[in-house]
Amino acid sequence: MLIGELAERAGTSPRTLRYYEEHGLIRPRRDANGYRQYDDGELRVVHEIRALLADGFGVGDIRPFVECLRAGNSAGHVCPDSAVVLRRKLAEVDDFIDQLTAVQERLRDQLQEIKCHFAVRE
């Protein structure tokens, strides 16, 4: 399929697909006229890329998942190199949750102070 068809089927733009190609994440074949041709397997790879990006992974983190798919695995997360990235991302998410929890607690404390302050005046 041509880049426009892949873009339509993947719900993205040709520009985005060229960006993925520049980063070595998707691999088109080239026709004699230079047009990019993609097989159906690339659609699966693009879906994986988009899902990982939506989950907050960077383009640099995605390569092991793509390589895992290209190796014939049923999913991109089942390979050891993908697991390394998953563990790192989980640690980042855990740290972020800890930071947000601390902010949440400070906000609650501040609101409680306001509540107490106005209760004393009344």
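Preceding block: the structure.
As the structure is a computational prediction, the values presented were derived from the model and not from experiment.

Colleague: Account for the overall build of the chain, with residues named and values stated.
Modeller: Per the secondary structure count, the chain includes five helices and two strands. Starting at the N terminus and ending at the C terminus, the chain contains elements arranged as α-α-β-β-α-α-α. Relative to the 2.2 N^0.38 estimate, which gives 14 Å for 122 residues, the radius of gyration of the chain is 22 Å and therefore markedly larger than a compact globule would have. Oriented by its inertia axes, the alpha-carbon framework of the chain measures out at about 80 × 30 × 20 Å. Burial status across the chain gives 29% buried among its 122 residues. Considering only residue pairs separated by 6 or more positions, the chain has 48% of its internal contacts joining residues 24 or more positions apart.

Colleague: Lay out the nonpolar core with the relevant residues and their values.
Modeller: If you look at the biggest cluster of nonpolar residues, it comprises 22 residues, and the most contacted ones within it are Leu 17, Ile 26 and Ile 49. Secondary-structure elements contributing two or more residues to this core are α1 (3-10), α2 (14-22), α3 (40-54) and α4 (59-70). Filtering out sequence-adjacent residues up to four positions away, Ile 49 remains in contact with Tyr 20, Leu 25, Ile 26, Ile 62 and Val 66.

Colleague: Hey, could you go over the pattern of salt bridges for me, with residue numbers and the actual values?
Modeller: Proximity of charged atoms lets side chains of opposite charge pair with each other. One pass over the structure, following the stated rule, counts seven salt bridges. Here the salt bridges do not stand alone but share partners, grouping Glu 5, Arg 9 and Asp 40 into one network.

Colleague: Explain the packing of α1 against α3 residue by residue, including any values.
Modeller: Between α1 and α3, the shortest axis-to-axis distance is 10 Å and the interhelical angle comes to 45°. Relative to α3, α1 is oriented oblique. In this structure, α1 crosses over α3, and the sense of that crossing is right-handed. For the pair α1 and α3, the contacting residues are Leu 6, Arg 9 and Ala 10 in the first and Asp 40, Glu 42, Leu 43, Val 46, His 47 and Arg 50 in the second. When the residues that make up the contact of α1 with α3 are grouped by side-chain class, the tally is four nonpolar, one polar and four charged.

Analysis parameters
- Residues numbered from 1 in each chain as written.
- Predicted model: local features only at pLDDT ≥ 70, side-chain atom pairs only at ≥ 80, totals over all residues.
- Heavy atoms only, no water.
- Helix = DSSP H or I, 4+ residues; strand = E, 2+ residues; numbered from the N terminus.
- Rg over C-alpha atoms; globule rule 2.2 N^0.38 Å.
- Buried < 20%, exposed > 50% of the residue type's maximum accessible area, 1.4 Å probe, protein only.
- Contact = heavy atoms within 4.5 Å.
- Core = buried A, V, L, I, M, F, W, Y, C linked by side-chain atoms within 4.5 Å.
- Salt bridge = Lys/Arg side-chain N within 4 Å of Asp/Glu carboxyl O.
- Axes fitted to C-alpha atoms, helices over the stretch in contact; angles between N-to-C directions.
- Parallel < 35°, antiparallel > 145°, perpendicular 65-115°, else oblique.
- Left-handed = near helix turned anticlockwise from the far one by under 90°.
- Nonpolar A, V, L, I, M, F, W, Y, C, P; charged D, E, K, R; others polar.

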